[in-house]
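Residue-level structure breakdown
The residues making up each chain are set out below.
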Amino acid sequence: MAKHCFLVLMFMLLLHYFMSCKLATSKATFASDKSALLAFKSSMNLHTHELLANNWSCSSSFCNWIGVTCDVLHGRVKALNLSNMGLVGNVPPELGNLSFLAKLDLRNNRFYGELPIELH
Ligand SMILES: *[C@@H]1O[C@H](CO)[C@@H](O)[C@H](O)[C@H]1NC(C)=O
Ligand SMILES: *[C@@H]1O[C@H](CO)[C@@H](O)[C@H](O)[C@H]1NC(C)=O
Ligand SMILES: *[C@@H]1O[C@H](CO)[C@@H](O)[C@H](O)[C@H]1NC(C)=O
């Protein structure tokens, strides 16, 4: 019985965790940076890239994710450096929502597709 309760509790916690992650992405600005990064993550082929797959996790602020540098004042993404990570994927249009992005370094990966016009 105790074990059963524990499982239910775990389930509720997980549910809460996923919901809060989802909800946070529907707000503008700060949250749209997060959804842009998550869109980028899901557009990459991460089967062989456990580092990024695990590190870009909703359990920590995106400002702590590998390759992400935030503007201290606004908490928005100001630089994205994923160079030399052996990543394969495409650049989704959502990346254009990173309105504070000033530096983007994707060298030595295999990204295809066009950079969003906002980043030109
Ligand atoms: C992701 O990597 C950064 C830099 O190495 C580290 O500080 C952070 O704790 C990691 N986060 C997770 C969830 O693994
Ligand atoms: C990105 O990181 C690499 C390796 O740490 C570094 O050599 C490169 O200069 C960085 N790019 C930018 C634009 O800061
Ligand atoms: C981000 O960009 C995408 C595609 O460009 C767009 O559909 C979406 O509404 C934008 N805004 C947010 C908050 O994600």
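Preceding this paragraph is the structure being described.
Here the structure is a predicted model, which is why all the values come from computation and not from measurement.

Within the secondary structure layout, Ser60 lies in the loop between α3 (50-55) and β1 (68-70). Of the residues examined, Ser60 reaches a relative accessible area of 26% and is grouped as partly exposed. When residues no more than four places from it in sequence are discounted, the contact partners of Ser60 are Asn55 and Trp65.

Phi angles above zero are rare outside glycine, and Asn84 is one such case at about 60°. As for its position among the elements, Asn84 is in the loop between β2 (77-81) and β3 (88-90). Here Asn108, not a glycine, exhibits a phi torsion of approximately 55°, which is positive.

Here we come to the site of ligand 1. Close contacts around ligand 1 come from Asn55, Ser60, Asn64 and Ile66, and that covers them all. Asn55 places a polar side-chain atom, nitrogen or oxygen, 2.3 Å from an oxygen atom of ligand 1. Of the residues assigned to the shell around ligand 1, the class counts are one nonpolar, three polar and no charged.

Further remarks concern helix α2 (residues 30-43). Between the first and last C-alpha of α2 there are 20 Å, a value that for 14 residues agrees with the 20 Å anticipated at 1.5 Å per step. The buried fraction of α2 is high, at 10 of 14 residues. Looking at α2, one finds that the buried residues are Ala31, Ser32, Asp33, Lys34, Ala36, Leu37, Ala39, Phe40, Lys41 and Ser43.

Applying the stated criterion to the full structure yields three aromatic pairs. Considering the side-chain rings of Trp56 and Trp65, the 5.3 Å spacing of their centres and the 25° angle between planes classify their relative orientation as stacked. By way of ring pairs, the aromatic residues Trp56, Phe62 and Trp65 are connected into one cluster.

This next bit is on the side chain of Asn109. With respect to the secondary-structure elements, Asn109 resides in the loop between β4 (103-105) and β5 (110-112). At 2.8 Å, the side chain of Asn109 and the backbone oxygen of Leu82 are in polar contact. Here Leu87 takes part through its backbone nitrogen, which lies 2.8 Å from a polar atom of the side chain of Asn109.

Turning to its location among the elements, Phe100 is positioned in the loop between β3 and β4. Residue Phe100 is classed as partly exposed on the basis of its relative accessible area, which comes to 30%. Here the alpha-carbon distance between Phe100 and Phe30, two residues 70 residues apart in the chain, equals 10.0 Å. In this structure Phe100 touches Asp71, His74, Arg76, Val77 and Lys78, once residues within four positions along its chain are discounted.

Scoring rules and cut-offs
Residues numbered from 1 in each chain as written. Chains lettered and ligands numbered in written order. Predicted model: local features only at pLDDT ≥ 70, side-chain atom pairs only at ≥ 80, totals over all residues. Heavy atoms only, no water. Helix = DSSP H or I, 4+ residues; strand = E, 2+ residues; numbered from the N terminus. Buried < 20%, exposed > 50% of the residue type's maximum accessible area, 1.4 Å probe, protein only. Contact = heavy atoms within 4.5 Å. Near = heavy atom within 4 Å. Polar contact = N/O pair within 3.5 Å; in protein donor to acceptor, adjacent residues only side chain to side chain. Nonpolar A, V, L, I, M, F, W, Y, C, P; charged D, E, K, R; others polar. Expected span 1.5 Å × (residues − 1). Phe/Tyr/Trp six-rings, centres within 6.5 Å; stacked < 30°, edge-to-face > 60°.

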